[in-house]
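What follows is each chain in one-letter form.
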Amino acid sequence: MGNNEKGRRLCNDKRMGSSIPKFFCCPLSGKLMMDPVITDSGITYDRTNIQQWLSNGNIHCSLTGTEISHKLLPHTKLAADICEWKKLYPQLIRDASQNELQWLLHKIKFQDYRCDTFLNNITRLRNLVRIEGWPPQELQKFRPADILADKLSSMSVNHIEGAFNEAAEEIICLFKYVEIDITTVQKMMTPNALTMVSFVLRNSRVKRRIEAMQLINRVAVGEFMFVDQIVYVERVIKGLLEIAGCPLVDCNDKASTMVTVRKLCRRGDQLKLRLKERGCHKDVQ
């Protein structure tokens, strides 16, 4: 029986509504596949999971033991079957999605960002939020923005390379799917968080730099009252001005960025004045 025929049979079998068919689950995670891909061994995995498996140095299929390469073919028929099945059982999918969302946020909150599976969890969370279309107001009850801000604040620029760089980028990207309140803003104004955002602003691919710019624009409230060190203000200003000049940035983002830069400049002037009043002339120069 072909994969497509088997998938259609599962979709048409109402008894399958009580649980997610194993055929739709990734062999590595046991979770419903979001982006099924076929490996050289003929086994289908969720793209994020098999990419993590391969990046960890594994070269054999977890089920067959066959040697596999990084060549992954989209399983479009299975993806279509999963999509149809999800339409039939929206509540089951929503419950499973919520359970996984809570599990991922818990893992991310307590997991060291240098752990091998951290990037995989962050990427899966982004895919879950994006593909399942969680409304920001529904996500808010899980406080994802606070967890992400805390994690960004815990990261060190000394480790900002390879997978750690990607993890910082993924966290910044995730912010566009969640609501940001004053608590999140306070956490984003810490030296580490600003350093990470500044690094992405100046060193990542254009798309990621634009996402970092948009994040800074979103947290540009209260005249950046929580930033208390001039060096971080200047780093962010420099990064914003660099990406704002990119031709791929649309007019609205450029306008918002210039407003943000003006706010940061005012904050910088306030900090310099405060330093002068304290007699710290050397720090101001």
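Residues numbered from 1 in each chain as written. Predicted model: local features only at pLDDT ≥ 70, side-chain atom pairs only at ≥ 80, totals over all residues. Heavy atoms only, no water.

Asker: Honestly, the pattern of salt bridges in this entry has me stumped. Any pointers?
Answerer: Where charged atoms from two side chains of opposite charge come close, those side chains can pair. For the structure shown, the criterion picks out 14 salt bridges. In this structure, the salt-bridge partner of glutamate 242 is arginine 209, at a minimum N-O distance of 4.0 Å. Taken together, the positions of glutamate 242 in helix α12 (residues 230-244) and arginine 209 in helix α11 (residues 206-218) put the pair 33 residues apart, joining distant regions of the chain. With relative accessibility at 15%, the residue arginine 209 sits in the buried group. Within the structure, one salt-bridge network assembled from shared partners comprises Arg126, Glu169, Glu170, Lys176, Arg208 and Glu211. (Salt bridge = Lys/Arg side-chain N within 4 Å of Asp/Glu carboxyl O. Helix = DSSP H or I, 4+ residues; strand = E, 2+ residues; numbered from the N terminus. Buried < 20%, exposed > 50% of the residue type's maximum accessible area, 1.4 Å probe, protein only.)

Asker: How should the packing of aromatic side chains be read in this particular structure?
Answerer: Remark: the centre distance and the inter-plane angle together describe each pair of aromatic rings, the angle taken between the planes. Taken as a whole, this structure holds three aromatic pairs when the rule is applied. Centre to centre, the rings of tryptophan 85 and tyrosine 89 are 5.4 Å apart; their planes meet at 50 degrees, and the pair counts as tilted. On the basis of relative accessibility, which here comes to 12%, the residue tyrosine 89 falls in the buried class. One aromatic cluster is present, built from ring pairs that chain together Phe23, Phe24, Trp85 and Tyr89. (Phe/Tyr/Trp six-rings, centres within 6.5 Å; stacked < 30°, edge-to-face > 60°.)

Asker: What's the story with the nonpolar core in this structure? I'm lost.
Answerer: In this structure, Leu101, Leu152, Phe175, Met188 and Val197 are the most contacted members of the largest nonpolar core, which totals 59 residues. A total of seven residues in this core trace back to one element, the largest contributor, which is α12. Leaving out residues up to four positions away in the same chain, leucine 101 has contacts with Leu125, Leu128, Val129, Trp134, Leu139 and Phe142. Ranked by size, the runner-up nonpolar core spans 16 residues in total, among them Met33, Val37, Leu72 and Ile82. (Core = buried A, V, L, I, M, F, W, Y, C linked by side-chain atoms within 4.5 Å. Contact = heavy atoms within 4.5 Å.)

So yeah, pure geometry; function would need other evidence.
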